[in-house]
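So you can see what is in the structure, the chains are spelled out below.
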2 protein chains.
Amino acid sequence: MENIFVVGHKNPDTDTVVSSLAMAHFLNQRDKTDIYKPGMVGQPNTETEYIFNRFKVELPPIVLEGKNKRLFLVDHNEAGQMIEGHAVTDIVGIVDHHKFDFKNSEPLEIIARPWGSTSTIIYDLYEKEKIAIPQELKPLLLCAMLSDTVILRSPTTTPKDEAVIKELGKALALDYEELGVEIFKAKAAVTEKLPKEILHNDFKDFEIKGGKYGIGQLELSDFKEIASRFGEILEIMEDESTQNKYRGILLIVTDILNEGSIILATRAIEAEIFHLFKTKKSGPASEFIPGLISRKKQVVPILNDSL
Amino acid sequence: MENIFVVGHKNPDTDTVVSSLAMAHFLNQRDKTDIYKPGMVGQPNTETEYIFNRFKVELPPIVLEGKNKRLFLVDHNEAGQMIEGHAVTDIVGIVDHHKFDFKNSEPLEIIARPWGSTSTIIYDLYEKEKIAIPQELKPLLLCAMLSDTVILRSPTTTPKDEAVIKELGKALALDYEELGVEIFKAKAAVTEKLPKEILHNDFKDFEIKGGKYGIGQLELSDFKEIASRFGEILEIMEDESTQNKYRGILLIVTDILNEGSIILATRAIEAEIFHLFKTKKSGPASEFIPGLISRKKQVVPILNDSL
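Residues numbered from 1 in each chain as written. Chains lettered and ligands numbered in written order. Predicted model: local features only at pLDDT ≥ 70, side-chain atom pairs only at ≥ 80, totals over all residues. Heavy atoms only, no water.

For chain A, an unreviewed UniProt entry supplies the name inorganic diphosphatase. Entered under Catalytic activity (unreviewed entry) in the UniProt record, the comment concerning chain A runs "diphosphate + H2O = 2 phosphate + H(+)". Per its UniProt entry, chain A bears the Cofactor (unreviewed entry) comment "Mn(2+)". (UniProt positions renumbered as here; feature names shortened; annotations may be inferred.)

Undergrad: Describe helix α9 (residues 230-243) of chain A, and please don't skip the residues or the numbers.
TA: All names here are of chain A. With 14 residues, α9 extends 20 Å from end C-alpha to end C-alpha; this agrees with the ideal 20 Å at 1.5 Å per step. Check the buried side of α9 and you find it contacts α7 (195-200), α8 (224-227), β9 (248-255), β10 (260-265), α10 (267-276) and β12 (285-286). Immediately beyond the C-terminal end of α9, within one or two residues, lies K245, with a positive phi of roughly 55°. (Helix = DSSP H or I, 4+ residues; strand = E, 2+ residues; numbered from the N terminus. Expected span 1.5 Å × (residues − 1). Contact = heavy atoms within 4.5 Å.)

Undergrad: Pulling in residues and values, what's your account of the sheet that holds strand β1 (residues 4-7) of chain B?
TA: Strands sit in the order β2(A)-β1(A)-β3(A)-β4(A)-β6(A)-β6(B)-β4(B)-β3(B)-β1(B)-β2(B) across an open sheet of ten strands; the sheet is mixed. Two strands in the sheet have a free side with no partner beyond their single neighbour: β2 (36-39) of chain A together with β2 (36-39) of chain B. Strand-to-strand, the axes of this sheet are offset by a mean angle of 20°, without reference to chain direction. Note that strand β4 (residues 91-96) of chain A and strand β6 (residues 109-112) of chain A share four bridges and pair parallel. What sits directly across from D96 of chain A, in β6 of chain A, is A112 of chain A. Lying on the sheet, helix α1 (residues 14-30) of chain A is in contact with β1 (4-7), β2, β3 (70-74), β4 and β6 of chain A; it crosses β2 of chain A at an angle near 175°. Against the sheet, helix α3 (residues 118-128) of chain A makes contact with β4 and β6 of chain A, and its axis sits at roughly 105° relative to β4 of chain A, the strand it touches most. (Pairing = 2+ DSSP bridges. Axes fitted to C-alpha atoms, helices over the stretch in contact; angles between N-to-C directions.)

Undergrad: Residues and numbers for the pairing of β9 of chain A, please.
TA: Remark: a regular strand shows side chains that alternate across the two faces of the sheet. All names here are of chain A. With eight of its eight residues buried, β9 lies for the most part within the structure. Going residue by residue along β9, you find G248, L250, I252 and T254 tucked away on one face and I249, L251, V253 and D255 tucked away on the opposite face as well. Sheet topology note: the β9/β10 ladder contains six bridges and is antiparallel. Bridged to L250 within β10 is A265. (Buried < 20%, exposed > 50% of the residue type's maximum accessible area, 1.4 Å probe, protein only.)

Undergrad: Please set out the interface of chain B and chain A residue by residue, giving values where relevant.
TA: Between chain B and chain A, the contact holds 28 residues from the first and 28 residues from the second. Between chain B and chain A, roughly 2,500 Å² of surface is buried when both sides are summed, and carbon and sulfur atoms account for 49% of that area. For the pair chain B and chain A, the interface holds eight salt bridges. In this structure, E129 of chain A engages K128 of chain B in a salt bridge whose closest nitrogen and oxygen atoms are separated by 3.1 Å. Remark: the boundary between chain B and chain A carries eleven residue pairs in polar contact (both at pLDDT 80 or more). The biggest single contributor to the side of chain B that touches chain A is helix α11 (residues 295-306) of chain B, with five residues. When its residues are assigned to classes, the side of chain B that touches chain A shows nine nonpolar, five polar and 14 charged. Relative to strand β6 (residues 109-112) of chain B, β6 of chain A runs antiparallel, the two sharing three bridges. (Buried area = accessible area lost by both parts, 1.4 Å probe. Salt bridge = Lys/Arg side-chain N within 4 Å of Asp/Glu carboxyl O. Polar contact = N/O pair within 3.5 Å; in protein donor to acceptor, adjacent residues only side chain to side chain. Nonpolar A, V, L, I, M, F, W, Y, C, P; charged D, E, K, R; others polar.)

Undergrad: Give me the lowdown on the side chain of S154 of chain B, citing residues and values where you can.
TA: Residues and elements named next belong to chain B. Along the chain, the position of S154 falls in the loop between α4 (137-148) and α5 (159-171). Within the structure, the side chain of S154 is placed 2.8 Å from the side chain of T156, a separation counted as a polar contact. Apart from residues no more than four positions distant in its own chain, S154 is found in contact with D148, T149, I293 and S294.

Undergrad: Just give me the short version of helix α5 (residues 159-171) of chain A, but keep the residues and values in it.
TA: Residues and elements named next belong to chain A. With 13 residues, α5 extends 18 Å from end C-alpha to end C-alpha; this agrees with the ideal 18 Å at 1.5 Å per step. Listed in full, the buried residues belonging to α5 are D161, V164, I165, L168 and G169. One side of α5 holds all its buried residues, which, seen down the axis, span an arc of 130°. In α5, those exposed residues whose orientation departs by more than 90 degrees from the buried face are P159, K170 and A171. Structurally, α5 contributes buried residues whose contacts are with α3, α4 (137-148) and α6 (176-188). A173 sits one or two positions beyond α5 and adopts a positive phi of about 55°. (Arc of directions from axis to C-beta.)

Right, here's the structure in full:
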């Protein structure tokens, strides 16, 4: 039987990488086969590399080309975020926790829940199908949940995520708060990288009212680490917006301890975006917007409904 | 807490009505609440009426207006098949076994499997969540599975459907083949109705390459019951196509015992449709097309890929 590649979105983050590893294992067990193979669609970010090193697990291989491959998608469903070259008819399943923008011509398996991370959904699938989670996957699942829920601070967090994080922390004898802070410190290491790498650390494309928008997010424990680099990042954003025909590019820089964000936006959309988020320009970026933490719950829906 | 209406598609069929009843019960049990209320979006067809009478279960109330109602969709996900007046933001979940064409702006629960009926998926959910299926729902679920899989003859049938149908038949001491034939005889009673009722007995709208198509299906144990009425049905199809701005309307008349269909098509698309299905005109309809049974697996994908 031909392999099925279990892949996440481009610019993979921790939840996407852990989900492809865990979902491939889960599907092989459930369907009593070994055809499901995990893969990363791009280089891992600093946080993901740190976590896999920390728990001594090998990263899945990088798979960049979707042509003539059967695919099971984790942690995304929108065409703009998918592996290059794929055909919709090659997609056999989806597990995700994002909004939907999906169209195909044959029925397939879809498992979506409005929970804080895809890893929480996969953890629940293991439980429901009574399949044992391999010991080495458990700390990775916990880290992915902590990362996507911003240590339970994000408005995407649900009681289900909280219950599973506490359960897993206890089972592994790990203090989830401490582990969470450790992860977000590793994430902060990105601020020493090239501006292009900073922008693409966690970056997704969205089709909004027929126009393409790129939205990046940086989650840090302190703005000081990055503030001096806003100028060069904005330049890269403008270049990329022109070259790749975006209607606009946003970068949301989130202070996870003070629970709020500032926004960088390309010139063409800056005034409109700052107006939508009821903020003003302050230097190269917006003023601090208290409470703004989630791209998924607080940025994308506003753009979808207002642009 | 505000009610959530668990509703199927317009022109409800047995799988859609049974699914809304069973899914509302399942969700109330799972979420330990009583806010989920089943509803039918339109009059039931002759088959559904027969089955609910046969097993002495009350049909869910008819709900025609989706405005300001929170909705959990069963057995459909496409905008054209949904209750009138709904907003996408009112949809809290979907359980379905069709192709997808769905777009929203906030994550929600989606459970989709490429199985023969939505009832099979709901049966599996009860099992996975260890919730007991009420005794009165069991024969209804079995009938819905038999109806949607054409007594296991449709190419949409999977080993999962077959296993569940046999399991349920045994548990209820019902011969599933006999019950299936009884159901399809009840379905045949539609041929005595008005041409408009015949066309709308099982009728769905599809957006295909930006154009609206209406596709009806009649599943009968014998063509003779209907052949003399093709002329008046075609007239109604032309009227409706013009009035409701369809690019075209199809009626697939399926002989379930001889396992094949003939197609009626409105003038504007007739030549193109007959060409796609490699058939010729024979009287008002096409010639018999052996093996053509499933709108979902054999008609809609061809139109999607070829029109």
